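The primary structure of each chain is shown beneath.
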Amino acid sequence: MTTITFVTPPAVAPPGQPDITYAPDFSKYQARKEQRIKTGSLTKELPPGLPQKLTGKLAWEGDTLAKTYDWTYVLNPSQLDEVKLALKHFKSLGLSLGHVSQETFPLPHLHSELRKLSDELHNGHGFFVIRGLPVDEHSREENIIIYAGLSAHIAPKRGRQDSKFEGKPASVTLAHIKDLSGSAQNNVIGSPAYTADKQVFHTDSGDIVSLFALETAAEGGASKLASTWRVYNEIALTRPDLIHTLTQNWDVENFASTEQPYTSRPLMHYQPATKTAPERVILQYARRSFVGFGALPRSPNIPPITEAQAEALDMLHFLGDKFCVDTYFQKGDIQYVNNLALFHARDGFTNAGEKHRHLLRLWLRDPMNAWETAQPLKARWANLYDGVTPESEILPLEPYIRSASNKSR
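So, here's what we can say about the structure. Note that this is a predicted model, so its numbers are computed, not measured.

Focus on the overall build of the protein
Next, step 1: For the protein, the helix and strand inventory stands at 10 helices and 20 strands.
Next, step 2: Seen along its three principal axes, the alpha-carbon backbone of the protein occupies a region of about 70 × 55 × 45 Å.
Next, step 3: Per-residue burial over the protein gives 57% buried out of 409 residues.
Next, step 4: Between the centroid of the 44 positive side chains of the protein and the centroid of its 45 negative side chains there is a distance of 3 Å.

As structure tokens, this is what we get:
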């Protein structure tokens, strides 16, 4: 099988930026690592209070995970019938798609199973796949209703992925992940989500990221998931200085806003144990926010990243790749991922004939099971989840390039 990697040319680097691009280069990573270690000035102690090692179901390795955890939940015929009845009920109400909820998409028997899956996301291994939905039996709108309806029983709050639609203010809570590249679009695409390129390890925004496969690629496109906790353990053991780097402030570019072009915050957040929750490490970052992608290079008006930060970005990616599990979408699969405890990547892919990879994405939150939001992330989370009303909510039927990934925004 041919491996599809990086097709989009590297974004232009701003002055003073280290030699690093969106596509990780292992030889450059090794050279930078060796050069920094040679200085002899790197601390060998972790930041005060941070653990030497995290334990539990979330600290897994991809090579051995399948021996102890079956992450695929296959819907049986009676459950599929219940989903069809819920779809029929919602359509009978004559409501807009923003009104899909537990109440308007009732699943009296399946609900308890979906609540168990929410617990798996928050307190178990951090991901699962629902399999068996007959995509081809439904229209695009019906598939979106089913996706939002099932998701409402797992995590009822849908997060805002764009704040405008067709030039007007809106709460866009559904995104289409599809290759939209071509001669007319290449000069505006600033995210690999809208290309067939390999996506490096990163997190999305919000508590839970979910993807629904309307169609798979002709070749490639494997989804890669890695445990942030396992990666933390490796860095804490071998390079504690980079835990300092990751828990200090970074200048994170905000491609969606000209009013606030960047914010300063850590990429990694530690939460000590409480009476009701174990200690946790949370990772939130996207590599393109520091190196750019395609038509959206990193702004020269934002301070360049440091050599330590460049090494940390590469170390996250290469350790994610080392410890990840590959999951392969089947048509009709819905993947749910704890976006605070896991990070993810995607192999490049090739479309051909009727096989054009097309995923739908939701950013979700379950108030009943949600982890405490780290203080530096609270403003971003408020922007995601606050003020989303059924009347303002848009779940687009067709793909478009959202503002944060669009140079012409």
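A closer look at the side chain of H269
Next, step 1: Structurally, H269 can be placed in strand β13 (residues 268–271).
Next, step 2: We classify H269 as buried; its relative accessible area is 5%.
Next, step 3: From its side chain, H269 meets the backbone oxygen of P266 in a polar contact 3.3 Å long.
Next, step 4: Apart from residues no more than four positions distant in its own chain, H269 is found in contact with R280, V281, I282, A374, P376 and L377.

Here we look at the pairing of strand β2 (residues 127–131)
Next, step 1: For β2, the tally of buried residues reaches five of five residues, placing the bulk of the element in the interior.
Next, step 2: Of the two faces of β2, the one carrying F127, V129 and R131 and the one carrying F128 and I130 are both buried.
Next, step 3: Examined bridge by bridge, strand β1 (residues 72–74) and β2 share three bridges and lie parallel to one another. Bridging across to β2, V74 finds its partner in R131.

Description of helix α3 (residues 77–93)
Next, step 1: Spanning 17 residues, α3 covers 25 Å between terminal C-alpha atoms, matching the ideal 24 Å at 1.5 Å per step.
Next, step 2: Considered for burial, the residues of α3 that qualify are Q79, L80, E82, V83, A86, L87 and F90. Looking down the long axis of α3, one finds its buried residues gathered within 155 degrees of arc, a one-sided arrangement. Exposed positions of α3 whose direction lies more than 90 degrees from the buried face are P77, S78, L85, K88 and S92.
Next, step 3: Of the surrounding elements, those touching the buried residues of α3 are β1, α4 (110–123) and α5 (140–154).
Next, step 4: G94, located one to two residues past α3, shows a positive phi value of around 70 degrees.

What about the environment of L58?
Next, step 1: Within the fold, L58 resides in the loop between α1 (26–38) and α2 (62–65).
Next, step 2: Each C-alpha atom of the pair L58 and V83 lies 30 Å from the other, and the pair is 25 residues apart in sequence.
Next, step 3: Ignoring anything within four residues of it in the chain, the contact list for L58 reads G124, H125, G126, S227, W229, A341, L342 and W371.

Remarks on the packing of helix α6 (residues 228–238) against helix α9 (residues 307–323)
Next, step 1: The contact between α6 and α9 brings their axes to 10 Å, and the two run at 120 degrees. With respect to each other, α6 and α9 are oriented oblique. Remark: the crossing between α6 and α9 carries right-handed chirality. Facing α6, whose interface residues are R230, V231, E234, I235 and T238, α9 presents M315, L316, L319, G320, K322 and F323.
Next, step 2: Residue composition of the contact of α6 with α9, by class: six nonpolar, two polar and three charged.

Focus on the sheet that holds strand β7 (residues 199–202)
The strands that make up a sheet are held in pairs by hydrogen bonds between backbone atoms, and each pair lies either parallel or antiparallel.
Next, step 1: Pairing is antiparallel in the open sheet, where four strands are placed in the order β7-β17-β10-β15. At either margin of the open sheet sits one strand with a lone partner, and together these are β7 and β15 (325–327). Strand-to-strand twist across the sheet, computed as the mean angle between neighbouring axes with direction ignored, equals 20 degrees.
Next, step 2: Here β7 runs beside strand β17 (residues 342–346); their pairing, made up of two bridges, is antiparallel. Its bridge partner being in β17, H202 is matched across the sheet by H344.
Next, step 3: Where α6 meets the sheet, it contacts β10 (223–227) and β17, and its direction lies at approximately 55 degrees from that of β10.
Next, step 4: Strands β7, β10, β15 and β17 of the sheet are contacted by α9, whose axis makes an angle of about 95 degrees with β7.

Scoring rules and cut-offs
Residues numbered from 1 in each chain as written. Predicted model: local features only at pLDDT ≥ 70, side-chain atom pairs only at ≥ 80, totals over all residues. Heavy atoms only, no water. Helix = DSSP H or I, 4+ residues; strand = E, 2+ residues; numbered from the N terminus. Buried < 20%, exposed > 50% of the residue type's maximum accessible area, 1.4 Å probe, protein only. Lys, Arg positive; Asp, Glu negative; His and termini not counted. Charge placed at Lys NZ, Arg CZ, Asp CG, Glu CD. Polar contact = N/O pair within 3.5 Å; in protein donor to acceptor, adjacent residues only side chain to side chain. Contact = heavy atoms within 4.5 Å. Pairing = 2+ DSSP bridges. Expected span 1.5 Å × (residues − 1). Arc of directions from axis to C-beta. Axes fitted to C-alpha atoms, helices over the stretch in contact; angles between N-to-C directions. Parallel < 35°, antiparallel > 145°, perpendicular 65-115°, else oblique. Left-handed = near helix turned anticlockwise from the far one by under 90°. Nonpolar A, V, L, I, M, F, W, Y, C, P; charged D, E, K, R; others polar.

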